[in-house]
Amino acid sequence: MEFEKYLQAGERLDGLQLDGRYIISNKDKYCFTSDSVMLANLVNANSKSKIVDLCCGGGIISILIALKTNCKKIIGVELQEDMADMATRSVLMNELQDIVEIINYDVKKITDVIPKGYADIVVCNPPYYKVNSGEIRENNSIAIARHEIALNLEQLAESTSKILKFGGLFYLVHKAERMAEVITTLSKYNLTPKNIYIITTNNSNIADTFIVTCKLGAKPGLIVKHIKHD
């Protein structure tokens, strides 16, 4: 398979079930989940949309949005150098380099590399868990992706509010148990929640995760919807 030339030791190709496309993954690093796929599927972009994907990891959200919309530009920002490199190779493998750019940088310092008010849309699948919420058993790469070691919720909201243009949209997926904290923190930075999608599995009525879409500077007014997945 011609895609295999993009692989490094320990890596594999995961199918995206979309026009024969693949993404590079590594079992010893954080691999994408259905949360990222659902988030990407909700993004509504047009030919003028400039999008920033914060904490982009292996690039799954950036790549799916690029394949499913006709957006103008996507910038993925990832702190971990090895994950950013993997995402860059996935972009090249899928011939999306004219649309998607991956930057290895700290989200807390985002305005060093992305101008204030640049983005029409910001998306993020962030670390879900607080550092003090339990024992961290994963290796360092996975721990940084899952726990707020390098970026916490407040820092994410602040950075997003800086690069999002007034009236721009922020799409965020997070754990349902932190919903109250998420809404409070986003509102603090003028990111007004407009839609919440409660996500449950087919065999449970209890939400595990949710997706919230916010508009910078909007008036209050919230619609709550429900998504079931296998």
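So, a few notes on the structure that sits alongside this text. (Residues numbered from 1 in each chain as written. Predicted model: local features only at pLDDT ≥ 70, side-chain atom pairs only at ≥ 80, totals over all residues. Heavy atoms only, no water.)

Some thoughts on the pattern of salt bridges
Selection criterion: Salt bridges are counted wherever a side-chain nitrogen of Lys or Arg sits within 4 Å of a carboxyl oxygen of Asp or Glu. We call a residue buried when its accessible area falls under 20% of the maximum for its residue type, exposed when it is over 50%, and partly exposed in between, using a 1.4 Å probe and counting protein chains only. Per the convention used, a helix needs a DSSP run of H or I reaching at least four residues, while a strand needs a run of E reaching at least two, with both numbered from the N terminus.
Counted under the stated rule, the structure contains 14 salt bridges. The salt bridge partner of Asp 28 is Lys 27, with a shortest N-O separation of 3.5 Å. Overall, the relative accessible area of 62% leaves Lys 27 in the exposed class. In this structure, Lys 165 engages Asp 120 in a salt bridge whose closest nitrogen and oxygen atoms are separated by 2.9 Å. Separated by 45 residues along the polypeptide, Lys 165 in strand E7 (residues 164–175) and Asp 120 in strand E6 (residues 119–124) bring together distant segments of the chain. Residue Asp 120 is classed as buried on the basis of its relative accessible area, which comes to 19%. In this structure, a network of salt bridges that share partners links the residues Lys 130, Glu 148, Arg 178 and Glu 181.

Focus: helix H2 (residues 60–68)
Counting buried residues in H2 gives seven out of nine residues, a clear majority hidden from the surface. Turning to H2, its buried residues are Ile 60, Ile 61, Ser 62, Ile 63, Leu 64, Ile 65 and Ala 66.

Overview of the side chain of Asn 94
Test applied: Contacts are residue-level and defined by heavy atoms, with any inter-residue pair within 4.5 Å sufficient.
With respect to the helices and strands, the residue Asn 94 is situated in the loop between helix H3 (81–93) and strand E5 (100–104). Once residues lying within four places of it in the same chain are set aside, the contact partners of Asn 94 are Arg 21, Tyr 22 and Ile 63.

Considering the pairing of strand E9 (residues 209–216)
Selection rule: Note: two strands are recorded as paired if DSSP finds a minimum of 2 bridges between them.
Across the eight residues of E9, seven count as buried, placing the element largely inside the fold. Relative to E9, E7 runs antiparallel, the two sharing seven bridges. Bridge pairing in E9 places His 174 opposite Phe 210. Where strand E8 (residues 191–201) meets E9, eight bridges bridge the pair, whose relative direction is antiparallel. Each residue of the ladder has a partner; that of Asn 195, found in E9, is Thr 213.

Quick notes on the pairing of E5
Basically, it comes down to this: The path from the first strand over the helix to the second decides the hand: if it runs clockwise while the strands point away from the viewer, the crossover is right-handed.
Where strand E4 (residues 73–78) lies against E5, five bridges are found, and the strand directions are parallel. Bridge pairing in E5 links Ile 74 to Val 100. At this point the chain moves from E4, through H3, to the parallel E5, and the crossover so formed is right-handed.

These results come straight from atomic positions and should not be treated as a statement about function.
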